[in-house]
Amino acid sequence: MAKKEDDSSNVSSSNSSNAENYSQLLQAFQETHEEANRLAPLNNWLKGMNNWLENRFKSLEEEL
């Protein structure tokens, strides 16, 4: 009978640990998602600037 009680407390402890790990994982994912959303406009602007600079470089190269 003591064996069943030990197993039950181990399962309960494991569930609590899993819930804590899941909560930490979810929080990390949410922070990463927020950071990605914050950086997206800057990334798009930089891509546009890169395209403009490449085109400008090509036109200056043609002039030479």
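Below is a summary of the structure that appears in this document. (Residues numbered from 1 in each chain as written. Predicted model: local features only at pLDDT ≥ 70, side-chain atom pairs only at ≥ 80, totals over all residues. Heavy atoms only, no water.)

## Focus: the overall build of the protein
Inclusion rule: Helix and strand labels come from DSSP, where a helix needs a run of H or I of at least four residues and a strand needs a run of E of at least two; each type is numbered from the N terminus. With a 1.4 Å probe rolled over the protein chains alone, any residue whose accessible area is under 20% of its type maximum counts as buried; one over 50% counts as exposed, and the rest are partly exposed.
Looking only at helices and strands, one finds one helix and zero strands in the protein. The buried share among the 64 residues of the protein stands at 0%.

## As for a nonpolar patch on the surface
Short version of the rule: A patch is a set of surface residues, each over 30% in relative accessible area and not in a salt bridge, joined within 9 Å for like charges and within 5 Å for the nonpolar side chains Val, Leu, Ile, Met, Phe, Trp and Tyr. Using a 1.4 Å probe, the Shrake-Rupley method yields the accessible areas, and only the shown protein chains count as cover for residues. By definition here, a salt bridge exists when the distance from a side-chain nitrogen of Lys or Arg to a carboxyl oxygen of Asp or Glu is within 4 Å.
Taken together, the side chains of Leu39, Leu42, Trp45, Leu46, Met49, Trp52 and Leu53 present a nonpolar region at the surface, about 700 Å² in accessible area. With relative accessibility at 35%, the residue leucine 39 sits in the partly exposed group.

## A word on the pattern of salt bridges
One pass over the structure, following the stated rule, counts one salt bridge. Residue glutamate 35 is joined to arginine 38 by a salt bridge in which the shortest nitrogen-to-oxygen separation is 2.7 Å. On the criterion of helical spacing, the pair formed by glutamate 35 and arginine 38 is a turn pair, its members being three residues apart in helix H1 (residues 2-63).

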